[in-house]
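Chain and residue survey
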Amino acid sequence: MGTAIVVTSGKGGTGKSSLTAGVASCLASMGKRVLCIDMDIGLRNLDLSLGMSDVAMMDVTDVLQGRCSLERAAAVHPKLPNLSLLPASITLPKDPLTQAGMSALLEQAKQSYDFCLIDCPAGIGSGFQLAICAADRAVVVSTTDPASLRSAQSAVRLLRERQIPIHLVVNRITRRFLRKTHTNVDDAMDALGLPLIGIIPEDPKVTLAASQGTPLPLYSKNGAARAYLNISKRLLGQRVPPMRI
């Protein structure tokens, strides 16, 4: 039985999709069967981070509304055979998607995959509720700026109501920013009250890799790519030394 992990933040622009794609690619490279599910319906971009914009034909709405099976809809990555993607639909569905349907989808997916990584939409509305409803674990992604931390706090509160275990990833860290603002990773941990599973440095290669349709871990081995690998190893229960920024 696999594990369903929702990646969320409460607000957009924190790097949820990049993290989901990077960690999924690393886990697949280590031999784990991974399914990425993009739940940002109407605003999908996980396919871009994975380099799969021209691969997937069906989407998560097709599966949830019974028009297509999971096996048929999940597209296999062209370079990482252990990695599959169930993209979000481009348009909003006419009929509402249900939490019961999402729970059934994940229950089925966990029979075939070691990890199901769910890319959560921004905000804490119905899309957020749908994405988290059947997750086994959660990763909250935040930067160190106050707006990001405040939004993450709202997401954390709702995750705790569902008693979902949560870990924190602090993204887009630069030494210059930390020095100028007199903040650090400990401040983010204290604000959210969460155990830290990884820190990710600001890295222009994240955008460069996506623009070339290549998952970052296949494009680079340093910077954010190394951080994604460290997080992946920790999800597998391995002890990894903290990354120096």
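This section reports on the structure supplied with the text. These figures come from a predicted structure and were not determined experimentally. (Residues numbered from 1 in each chain as written. Predicted model: local features only at pLDDT ≥ 70, side-chain atom pairs only at ≥ 80, totals over all residues. Heavy atoms only, no water.)

Turning next to the pattern of salt bridges. According to the stated counting rule, one finds six salt bridges in the structure shown. Where K110 meets D136, a salt bridge forms, and the shortest distance between an N and an O atom there is 3.0 Å. Of this pair, K110 sits in helix α5 (residues 99-112) while D136 sits in the loop between α6 (126-132) and β6 (137-142), and the two are 26 residues apart along the sequence. When the shortest N-O distance is used, the salt bridge between R157 and E161 registers 3.8 Å. Residue R157 and its partner E161 are located together in helix α7 (residues 146-161), separated by four residues, close to a single helical turn. You can call R157 partly exposed: its relative accessible area is 45%. (Salt bridge = Lys/Arg side-chain N within 4 Å of Asp/Glu carboxyl O. Helix = DSSP H or I, 4+ residues; strand = E, 2+ residues; numbered from the N terminus. Buried < 20%, exposed > 50% of the residue type's maximum accessible area, 1.4 Å probe, protein only.)

This part covers the sheet that holds strand β7 (residues 166-173). Spatially, eight strands are ordered β3-β4-β2-β5-β1-β6-β7-β8 in an open sheet, and the strand pairing comes out mixed. A single partner strand is all that each edge strand has here, and the edge strands are β3 (75-76) and β8 (196-201). Bridge count for strand β2 (residues 34-38) against strand β5 (residues 115-119) is five bridges, and the pairing is parallel. Within β5, the residue paired with I37 across the bridge is I118. Along the sheet face, α7 touches β1 (3-8), β6 and β7 and points at about 170° away from the line of β6. Contacts from helix α12 (residues 224-235) reach β1, β5, β6, β7 and β8 within the one sheet, and its direction differs from that of β8 by about 170°. (Pairing = 2+ DSSP bridges. Contact = heavy atoms within 4.5 Å. Axes fitted to C-alpha atoms, helices over the stretch in contact; angles between N-to-C directions.)

On to the packing of helix α1 (residues 16-29) against α12, then. Running from amino to carboxyl end, α1 crosses α12 at an angle of 65°, the nearest separation of the two axes being 8 Å. Regarding α1 and α12, the two cross each other, and that crossing is right-handed. Between α1 and α12, the residues in contact are S18, L19, G22, V23, C26 and L27 and A225, Y228, L229, I231, S232 and L235, respectively. Of the residues belonging to the contact of α1 with α12, the class tally is nine nonpolar, three polar and no charged. (Left-handed = near helix turned anticlockwise from the far one by under 90°. Nonpolar A, V, L, I, M, F, W, Y, C, P; charged D, E, K, R; others polar.)

Moving on: the nonpolar core. Counting 79 residues, the largest nonpolar core has V6, L19, L35, M39, L86, M102 and L159 as the members making the most contacts within it. The leading source of residues in this core is α1, at seven residues. Setting aside residues no more than four positions away along its own chain, L159 makes contact with V6, T8, F128, I132, A138, V140, I164 and I166. (Core = buried A, V, L, I, M, F, W, Y, C linked by side-chain atoms within 4.5 Å.)

Here we come to empty space enclosed by the protein. For the structure on display, the rule yields two cavities of 30 Å³ or more. Of the voids in this model, the largest cavity is the one considered here, and its volume is about 90 Å³. In this structure, the largest cavity is lined by S18, A21, G22, S49, V206, A209, A210, T214, P215, L216, P217 and Y228. For the lining of the largest cavity, the secondary structure elements donating two or more residues are α1, α10 (205-211) and α11 (216-219). Looking at the lining of the largest cavity, its residues break down into eight nonpolar, four polar and no charged. Each pocket or cavity is described by its volume, and for the second largest cavity that value is around 60 Å³. (1 Å grid on protein atoms, 1.4 Å probe; cavity = no way out; pocket = protein on both sides within 12 Å on 5 of 7 lines; lining within 4 Å. Points joined across faces, edges and corners; volume = space filled by probe spheres on them.)

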